[in-house]
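One-letter residues, chain by chain:
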Amino acid sequence: MRENPFYTPPTEFLRELAARRTPACAVMSAADNARASHLSPEHAELRRCLRDLVALSALPAMWRDHRPEEICRDLSDALLSTLGADFVYISHGERGHELPFEILRTTETHLGRLSDALRDWLPRRMTEQALADPLGGDSFNLACVPVGLGAQAVLVAGSRRTNFPSEAERLLLGVGGNEAAVAMYRWHAETEMRRFGTLVERSGEFIAFAGLDGEAQYVNPAGLALVGLDSLEQPHRHWVSDFVAEHERARVTGELWNTVLEHGRWAGELEMRHFVTGRAIPFLVDWFRIDDPRSGKPMNMAVVCRDLRPMKQAEARLLLLSETVEKAEAARLIGSLNRRQREVLDGLVAGGTNKTIARTLGISPRTVEVHRAGVMDRMGVHSLSEAVQLAVLGGVGAAAASASTRNRRG
């Protein structure tokens, strides 16, 4: 661009604009340009217009890290002098979490009243191209252009000159609005990308994507730590199959890969491997395909994985707690039996029948039957096997329970 005879570096352009802002030089006539350059008035005006167009097009280079409000402020400063206008006004509506704002640059002194008048005029901008001076002076002729898709902002320039705006001035205003729209869109897109990048980088999940050839292209820091890697910048390349446990590899590279490629998504549990210890790590995997938004063709494979070890450890602790509670309850129920009921229960757990228990205890089989019914009622069970299982859980000899099971099979 620097080879363009009309090119002016953005910083130099802004300095020149600042110099143009005095009333004496706010509007340079075509005749002045002609005398200065020995060109006809038309050629001088065209040369200046082209120079300003190129300079306006270079402004986005300064807006790389500018927020929308800063972009609009710079644009209004530039256009105020470029157009020789009495004011430039930008109204930017609310977008997402961003608050609305307005910028007014003017050579007038009644800033607040002019801002109020412009705010009142905006709803009528499609039908009215003039604005009455709030202080009663000559009316302002207006030029208005939307900024961005959906007119997220409105750019207005006003001047008391009767020939305002000329075609060249409309062109400059439109170019400035378009450049600002592109710059603000880029800022929003890059901001969203930075937010997304921060989310991925700081997530505690394993997040990664690979090419369609299976080579890993990115793994977030938490994912690298989970599988024992410092980075993907290793002496050798890493493939999807390298990240899964050996017994899962055939399934991953065959059935699951084809499922995601064909249907776009698969979710389920997989075991991945730790690169240092080789230990298998259970993960809940959400595996999906990334398609080109234009062509719709597959571009990448991506996964978001959650380490299941904390959940499985919690489940084990819960199971242990449940078993502990069940044992305590079984022991309580057994402790509620009277002496004779406990003796009958011991005999049942040892595999005895009503007759053998009666002979051992010196009572009748009918009495054993009565105590046996009382045991089952106290323990809240409906079968002999349930009573034996509960007795073993409550601490009545496991060896006796084993013998009981053999006797019943016999």
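Cut-offs applied
- Residues numbered from 1 in each chain as written.
- Predicted model: local features only at pLDDT ≥ 70, side-chain atom pairs only at ≥ 80, totals over all residues.
- Heavy atoms only, no water.
- Helix = DSSP H or I, 4+ residues; strand = E, 2+ residues; numbered from the N terminus.
- Contact = heavy atoms within 4.5 Å.
- Areas by Shrake-Rupley, 256 points an atom, 1.4 Å probe, with all protein chains shown as cover.
- Pairing = 2+ DSSP bridges.
- Buried < 20%, exposed > 50% of the residue type's maximum accessible area, 1.4 Å probe, protein only.
- Axes fitted to C-alpha atoms, helices over the stretch in contact; angles between N-to-C directions.
- Parallel < 35°, antiparallel > 145°, perpendicular 65-115°, else oblique.
- Nonpolar A, V, L, I, M, F, W, Y, C, P; charged D, E, K, R; others polar.
- Salt bridge = Lys/Arg side-chain N within 4 Å of Asp/Glu carboxyl O.

Draft legend 1. Region of interest: the overall build of the protein. Check the secondary structure of the protein and you find 14 helices and 10 strands. Long-range contacts, defined here as pairs at least 24 residues apart, represent 52% of the contacts in the protein between residues at least 6 apart. Counting only carbon and sulfur atoms, one obtains 55% of the accessible surface of the protein, whose full area is about 23,200 Å².

Draft legend 2. Geometry of the pairing of strand β7 (residues 216-219). One ladder, built from three bridges, connects strand β6 (residues 206-211) with β7; its direction is antiparallel. Within the sheet, the bridge partner assigned to Ala 210 lies in β7 and is Ala 216. Where β6 folds back on β7, the antiparallel hairpin that results is connected by four residues, among which Gly 214 adopts a positive phi of roughly 95 degrees.

Draft legend 3. Representation of the environment of Arg 279 within the structure. With respect to the element layout, Arg 279 can be found in the loop between β8 (265-273) and β9 (280-291). With relative accessibility at 44%, the residue Arg 279 sits in the partly exposed group.

Draft legend 4. The packing of helix α9 (residues 309-335) against helix α13 (residues 384-393), seen in detail. Taken N-terminus to C-terminus, the directions of α9 and α13 make an angle of 110 degrees; their axes are 8 Å apart at the nearest point. By the criterion of interaxial angle, the relationship of α9 to α13 is roughly perpendicular. In this structure, α9 contributes Glu 326, Lys 327, Ala 330, Leu 333 and Ile 334 to the contact, and α13 contributes Leu 390, Ala 391 and Leu 393. Of the residues that constitute the contact of α9 with α13, the class distribution is six nonpolar, no polar and two charged.

Draft legend 5. Summary view of the pattern of salt bridges. Counted according to the given criterion, the structure contains 20 salt bridges. With a shortest N-O distance of 3.4 Å, Arg 251 and Glu 248 are connected by a salt bridge. The residue Arg 342 makes a salt bridge to Asp 346 at a minimum N-O spacing of 3.1 Å. Placement of the pair is Arg 342 and Asp 346 together in helix α10 (residues 339-349), with a separation of four residues, close to one helical turn. By relative accessible area, Arg 342 is classed as partly exposed at 34%. One salt-bridge network, held together by shared partners, links Glu 102, Asp 116 and Arg 119.

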